[in-house]
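Listed below are the residues making up each chain.
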Amino acid sequence: MRKSVLCGAAAVSAIMVGVTPALAQETPTAVEDLVVTAQRREQKLQDAPVAVSAFGAKALDQLQITKVETLGAAVPSLYVSQISASPSTIQVALRGALDQTGGMITSEPPVGIYVDDVYQARLSVANLDLADVTRVEVLRGPQGTLYGRNSMTGALKYVTRQPGDAAGGALEASWGDYGLQRYKASAGGAITDHVGATVSALFSERDGWQQNTALKKKVGARRDAGVRLALGLIDTGPFSATVSAAYARTDTDGQHFSPLDPVTLKPLAGGDFGSTRSPLNTDTKTEQKSLALHLGYDLGAVQLKSITAYQRLDDRWTLDFSGGLVAGAGLVAGFLRGSQTEQEQSSQEFQALGESFDGRLQWIGGLFWFKETGGQVLSDTIGAGIYGSYAVPLLPTTIHATSESVAAYGQLEWRFTDRLKGSAGLRWTKDEKTIAGTIQNGLAAYPASLTSRSNEGEWKVWTPKFNLQYDVSDDVMVYGTIARGYRAGGFVALSIAEPSIFTKAYDPETVWSYEAGAKIEAFEHRARLNLAAYVEQLKDLQQNVISNGSILTQNAAEARIAGLELEAAATPVKGLDLFASLALTDAEYEKLDASTAAAQAGAKTLPLVSKVQAQVGGTWRIEPEMLKGGAIIVSADYSHRGPRYAEATNAQAGRIGAVDRVNAGVAWESPSAAWRVFVQGRNVLDAKDYVSGAVFIPGLIVYRLADEPAMWSAGVKVKF
């Protein structure tokens, strides 16, 4: 750990020191300062008293960030990876809070995900590719005042291209390892004097890279397709309106686990790293359709906004959790689960924001309503040779769930002096949930029968926020924040023939966060250093524990999480952009319920928390005379994440070692920047790492999920 910390700190120091030679440059270049909407209004990144990581289109391209999953290495304290359900489903952890049941209709993440300010309730679609993203913002720390439920430790915001009168677009095609084909297209501009439009489309597919030694073929193939259309008014005075529609679909041949020996934890499938041996073919299919209407009216000192949205999700997946099990009948699918989910969500938000007293007072207020209905059917089959000579299909578990949330919020910011500002905000939220379903009445029941269970709950939560911000100078700002956030309560739904826990309620998880930060620019804005130090007190910590295949969510503990986060960027000479980040995290239980699985297993560490996370990299734009105005662009980055446990019980099967990865790319750009030809690679040193691991059934089914090997691609991009 000490070595990793020193390496990370040295890398950051090198970037800052490397700025000094730039003082002699005749044409100084500043680090890019993005405009963000972290506080629901536009402001420069360095002026926002929030720990926020922002990536424009240029940075997203250089870091090869094409989906949420690839954000994890670039943002301090953020962890994002695939989860067991399907490759389009993710688990997100930020500052110690996490959810590991993203494939369930009842799951609630601790990090809110938004696309153009529309909340995405289901993690089943959170890893879908987006073709026309212009900016990504990751807000760290509780965002419960302005963003509400399930933004307990942060929020992730996608901003897509909006309709305007500026015409233009881009076409991109790339090809790579494992049969990769990826095509993107986007265009926009005015279609009448007062109406603009944007349209984007994406198609990508890739063959599998994992070896299935039983089926004697490669598995892990994936196909993504999507289209988005937006129409908006332009040049219509104070009134604005944008309507957008999107469709996205992902098809894969499933998630593929590597089976382990329950005692030695050695891989059992044979073959190359990450191999599986399930004798059955699996698949997944995820479709999302969405509509959104954004309205606005500018009254001068007051702006009114309305956001109306509707989404529908259809999600199907099949998974062999055993990765192939040798039992009395030979090689079998040890535990096969199929899932079919249908979900609909509607939301309405009204906002009013403005300023008074010659700009000394800025304020925002709003009302929010959200409703979700969904159903899920789980079909489980226990493999032959486990409970008898034949496979044992369980009666389907059916789940019907509803969730309705209403909230009112407001925040005031007062400028005491030219350099000192303070703000206070408060949000009141009421959540109402119901669940009803049927489940088999025990594994040993004969004849098997279904038992009905139902439950309902109502929770009311206040989430305040207080902030002080002081401009030490034109280039240095410090701030302090006290905030409360929460993740909604819910019901246990992922139960295998265990009526005693099916629909059992658990309470909301809450956090009080105390944060101090600084945003610093130096050397005529050619260097930037942003710092955030925080302490979180978590209460009623929601933890997911696997118990003989069932996943029981428990309000397991109280915990304290302390951390230091650092982000640095520098442009020491024209064309050279450097960046680095570092997160140091210390997490410990303060109370752990003795009846929980984590306590009974003697767990000492919160899951998915690494003590050290770091990244360093850069981009160098070279413009030799022989290219006559063209450029060669070289980019590379190195990331490190320390060891972590994938499970709350800290089982050795779920201990994932340190992960070190290198990405790189090189591109040629034409003098007009209209053409770009590129070659890029992820994990170019071909590190062999795991994403997660678990003891599914003690002594019988233990697995790990392997991370991707080196992936190279080459392509061309044309702007018009």
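Use the structure listed above.
These remarks concern the structure in this document. Source: prediction; values computed, not measured.

### Some words on the pattern of salt bridges
Applying the stated criterion across every chain yields a total of 40 salt bridges. Glu344 is the salt-bridge partner of Arg312, the closest N and O atoms lying 3.4 Å from each other. Of the two residues, Arg312 sits in strand 20 (residues 302-320) while Glu344 sits in strand 23 (residues 335-356), which places them 32 residues apart along the sequence. Judged by relative accessible area, which is 24%, Arg312 ranks as partly exposed. A relative accessible area of 32% places Glu344 in the partly exposed class. Of the charged contacts in the structure, one is a salt bridge between Glu458 and Lys460, with a shortest N-O distance of 3.9 Å. Take Glu458: its relative accessible area is 45%, and that puts it in the partly exposed class. Among the residues examined, Lys460 registers a relative accessible area of 53% and is labelled exposed.

### Focus: the sheet that holds strand 4 (residues 78-82)
Read across the open sheet, the three strands follow the order 4-5-6; overall the sheet is antiparallel. Each edge of the sheet is formed by a strand with only one pairing partner; in this case those strands are strand 4 and strand 6 (97-98).

### Notes on the environment of His400
Of note, His400 is situated in strand 26 (residues 397-415). On the accessibility criterion, His400 (44% relative accessible area) is partly exposed. Considering only alpha carbons, one finds His400 and Ala436, 36 residues apart in sequence, at a separation of 5.4 Å. If sequence neighbours within four positions are ignored, His400 has contacts with Gly374, Gly375, Thr434, Ile435 and Ala436. For His400, the side chain forms a polar contact with the main-chain oxygen of Gly374, separated by 3.4 Å.

### What about the pairing of strand 44 (residues 711-719)?
Of the pairings in the sheet, the one linking strand 11 (residues 168-176) to strand 44 comprises seven bridges and is antiparallel in character. Following the sheet pairing, Glu172 is matched in strand 44 by Lys717. Across eight bridges, the pairing between strand 41 (residues 675-682) and strand 44 is antiparallel. The residue bridging Val679 from the neighbouring strand is Ala714, located in strand 44.

### So, the sheet that holds strand 42 (residues 690-697)
Read from one edge of the open sheet, three strands run 18-43-42, paired in antiparallel fashion. The two strands at the open ends of the sheet, each matched to only one other strand, are strand 18 (258-259) and strand 42. Note: strand 42 against strand 43 (residues 701-706), six bridges, orientation antiparallel. By the bridge assignment for strand 43, Ile697 is matched with Ile701.

### As for the pairing of strand 43
For strand 43, the tally of buried residues reaches six of six residues, placing the bulk of the element in the interior. Side chains of strand 43 alternate between two faces, with Ile701, Tyr703 and Leu705 and Val702, Arg704 and Ala706 buried alike. What sits between strand 42 and strand 43 in their antiparallel hairpin is a turn of three residues, with Gly699 showing a positive phi close to 75°.

### What about unusual backbone geometry?
The phi torsion at Asp116 lies on the positive side, around 50°, for a residue other than glycine. One can find Asp116 in the loop between strand 7 (111-115) and strand 8 (118-119). Its identity as a non-glycine residue notwithstanding, Asp540 has a phi of 55°, on the positive side.

### Some words on the side chain of Thr37
Tracing the sequence through the fold places Thr37 in the loop between strand 1 (35-36) and strand 2 (43-44). Its relative accessible area of 17% is what places Thr37 among the buried residues. Side-chain polar atoms of Thr37 contact the side chain of Lys157, separated by 2.7 Å. Ignoring anything within four residues of it in the chain, the contact list for Thr37 reads Glu42, Arg135, Glu137, Tyr147 and Lys157.

### Some words on the environment of Ser513
Relative to the elements of secondary structure, Ser513 occurs in strand 32 (residues 509-522). A C-alpha to C-alpha distance of 6.8 Å links Ser513 and Tyr534, two positions 21 residues apart in sequence.

### A short note on the nonpolar core
Phe257, Phe321, Phe335, Phe696, Ile701 and Tyr703 are the most contacted members of the largest nonpolar core, which totals 24 residues. Within the residue set of this core, elements represented by two or more residues are strand 20, strand 21 (325-327), strand 42 and strand 43. With four residues, strand 42 is the single largest residue contributor to this core.

Rules behind the numbers
Residues numbered from 1 in each chain as written. Predicted model: local features only at pLDDT ≥ 70, side-chain atom pairs only at ≥ 80, totals over all residues. Heavy atoms only, no water. Salt bridge = Lys/Arg side-chain N within 4 Å of Asp/Glu carboxyl O. Helix = DSSP H or I, 4+ residues; strand = E, 2+ residues; numbered from the N terminus. Buried < 20%, exposed > 50% of the residue type's maximum accessible area, 1.4 Å probe, protein only. Pairing = 2+ DSSP bridges. Contact = heavy atoms within 4.5 Å. Polar contact = N/O pair within 3.5 Å; in protein donor to acceptor, adjacent residues only side chain to side chain. Core = buried A, V, L, I, M, F, W, Y, C linked by side-chain atoms within 4.5 Å.

Don't take any of this as a statement about function, it's just geometry.
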